[in-house]
Amino acid sequence: MSVQELEKIFLSKIDQEIKIEPKDWMPDAYRKTLVRQISQHAHSEIVGMLPEGNWIGRAPSLKRKAILLAKVQDEAGHGLYLYSATETLGTTREQTIIDLHSGKAKYSSIFNYPTLTWADIGAIGWLVDGAAILNQVMLCRTSYGPYARAMVRICKEESFHQRQGFDILMVLSKGTPEQRDMCQDAINRWWWPSLMMFGPHDSESTNSEQSTKWKIKRMSNDELRQKFVDMIAEQVKVLNMTLPDPHLKWNEQTSHYDFGEINWTEFWNVVKGNGPCNKQRLEARRKAWDEGAWVREAASVYAAKRKAREAKKEEKQIA
Ligand code: FAQ
């Protein structure tokens, strides 16, 4: 079959909402953009464990510690599903991780900010997981089968994460004046970086047009960001807190909240590796990789031994 014919079949599957599966023919550019996006998503989950991991030893009670441990463990699981989904596209996990460590592959800008107080753990759950869910609910309908299926389970877990974050802030918001201040301060610091998670404005988004045609993306960066603002602007009232944006205002005509402009210089600075914690985050990942070398080695020796044992057993059975 010619490439033109193969492409026609591929596009007709996209049109008919039939998922593209690993063994199906797909254009190289489709494969490349999926490897880019899914691997960056996987890296975000794994690097995203670091800011929260910082608080496991300092959570204010045993219950909070157990909940946070479970959440951070969930993020590791999400990373693993997503690394596996990337592998179905023909790239190795080793290469994907080398690309993270060399700085070639990106991960979400949000994880380059520090977690200064316990309230930050609440703000991450509520705002960061909240933003992640909106994006990921859309991705449950993405055109590549393994990515869409991974997203379904991930979304279920993320919605627990968001509620645990809101619960932390709810308790602080009803606490002492110091606890209320801590809650407001965390919201102030995490609000704008959370809005940046959705990526540049649609007009600046280099990948959106093609990704939308291929139904990898189903909603635009700005549409998702607006949905997030509308949701959080209401939820913050329940906390009796405010969002740090003087331009935030309900607009009767559009039936959406208007909001101020994001500091795009800060965004691109963080994306390019110059955020408050970029260096620290990559160093932590490289260290974990190096220190885990013996585990990978032991696991592959064990797997080889088991394979050899099974081959011998089969030989005996045949004989
Ligand atoms: N940070 O053309 P677009 C989570 C880059 S998971 C860094 O609009 P696209 C769970 C973008 O890669 C959070 N870079 O790109 C959790 C591109 O550069 P490239 C992660 C960003 O792909 C919670 C360039 O800018 N979620 O939080 C960012 O069409 C709590 C131009 O942008 C995902 O990864 C950014 N914020 O749209 C874990 C979801 N935004 O690659 C622990 C999957 C943009 O061409 C604790 N990804 N860039 O060199 C997506 O949906 C999309 O990739 C977007 C960006 C929407 C992020």
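Not measured: the values here are computed from a predicted model.

Visitor: Looking at this structure, I do not really get the site of the ligand. What am I missing?
Guide: The environment of the ligand is formed by 36 residues, the closest being Lys-106, Ser-205, Asn-207, Lys-217 and Asn-221. The contact in question runs from a nitrogen atom of the ligand to an N or O atom on the backbone of Ser-109, over 2.8 Å. Contact distances for the ligand include 2.8 Å between an oxygen atom and a backbone N or O atom of Asn-207. Protein coverage of the free-state accessible area of the ligand, which is 1,100 Å², stands at 91%. Those elements giving two or more residues to the shell around the ligand turn out to be helix H2 (28–47), helix H4 (62–87), helix H6 (118–139), helix H7 (145–173) and helix H11 (264–274).

Visitor: How do you make sense of the nonpolar core when you look at a structure like this?
Guide: Soluble, globular proteins show a tendency: their nonpolar side chains are buried together. In terms of nonpolar packing, the biggest core is built from 70 residues, with Tyr-30, Tyr-144, Trp-190 and Phe-228 touching the most fellow members. Per-element tally for this core: the top contributor is H6, with 12 residues. For Phe-228, the residues in contact, after removing those within four places along its chain, are Leu-127, Gly-130, Ala-131, Leu-134, Trp-191, Ser-194, Leu-195 and Phe-198.

Visitor: Would you explain the pattern of salt bridges in this entry?
Guide: For side chains of opposite charge, pairing can occur when their charged atoms come near one another. Evaluation of the coordinates by the stated rule reveals 17 salt bridges. Notably, a salt bridge pairs Arg-189 with Asp-185, separated by 3.1 Å at the nearest N-O pair. Highlighted residues: Arg-189 and Asp-185, both in helix H8 (residues 177–196), separated by four residues, approximately one helical turn. A relative accessible area of 33% means that Asp-185 is categorised as partly exposed. In this structure, Glu-291 engages Lys-287 in a salt bridge whose closest nitrogen and oxygen atoms are separated by 3.5 Å. On the criterion of helical spacing, the pair formed by Glu-291 and Lys-287 is a turn pair, its members being four residues apart in helix H12 (residues 278–291). Here the residues in one salt-bridge network are Glu-52, Lys-71, Glu-75 and Asp-129, joined through shared partners.

Visitor: Would you mind going over the layout of surface pockets with me for this structure?
Guide: A probe matching the size of a water molecule, rolled over the atoms, marks out where space remains unfilled. When its volume is computed, the second largest pocket comes out at roughly 330 Å³. Every element with two or more residues in the lining of the second largest pocket is listed here: H4, helix H5 (93–101) and H12. Here the element with the most residues in the lining of the second largest pocket is H5; it accounts for five residues. Grouping the constituent residues of the lining of the second largest pocket by class yields nine nonpolar, one polar and four charged.

Visitor: Whenever I open this one, a positive patch on the surface confuses me. Can you help?
Guide: Taken together, Lys-305, Arg-306, Arg-309 and Lys-313 make up a surface patch of like positive charges. By the element assignment, Arg-306 lies in helix H13 (residues 293–318). The partly exposed category is assigned to Arg-306, whose relative accessible area is 42%.

Parameters at a glance
- Residues numbered from 1 in each chain as written.
- Predicted model: local features only at pLDDT ≥ 70, side-chain atom pairs only at ≥ 80, totals over all residues.
- Heavy atoms only, no water.
- Near = heavy atom within 4 Å.
- Polar contact = N/O pair within 3.5 Å; in protein donor to acceptor, adjacent residues only side chain to side chain.
- Areas by Shrake-Rupley, 256 points an atom, 1.4 Å probe, with all protein chains shown as cover.
- Helix = DSSP H or I, 4+ residues; strand = E, 2+ residues; numbered from the N terminus.
- Core = buried A, V, L, I, M, F, W, Y, C linked by side-chain atoms within 4.5 Å.
- Buried < 20%, exposed > 50% of the residue type's maximum accessible area, 1.4 Å probe, protein only.
- Contact = heavy atoms within 4.5 Å.
- Salt bridge = Lys/Arg side-chain N within 4 Å of Asp/Glu carboxyl O.
- 1 Å grid on protein atoms, 1.4 Å probe; cavity = no way out; pocket = protein on both sides within 12 Å on 5 of 7 lines; lining within 4 Å.
- Points joined across faces, edges and corners; volume = space filled by probe spheres on them.
- Nonpolar A, V, L, I, M, F, W, Y, C, P; charged D, E, K, R; others polar.
- Patch = residues over 30% accessible without salt bridge, like charges linked within 9 Å, V, L, I, M, F, W, Y side chains within 5 Å.
- Lys, Arg positive; Asp, Glu negative; His and termini not counted.
- Charge placed at Lys NZ, Arg CZ, Asp CG, Glu CD.

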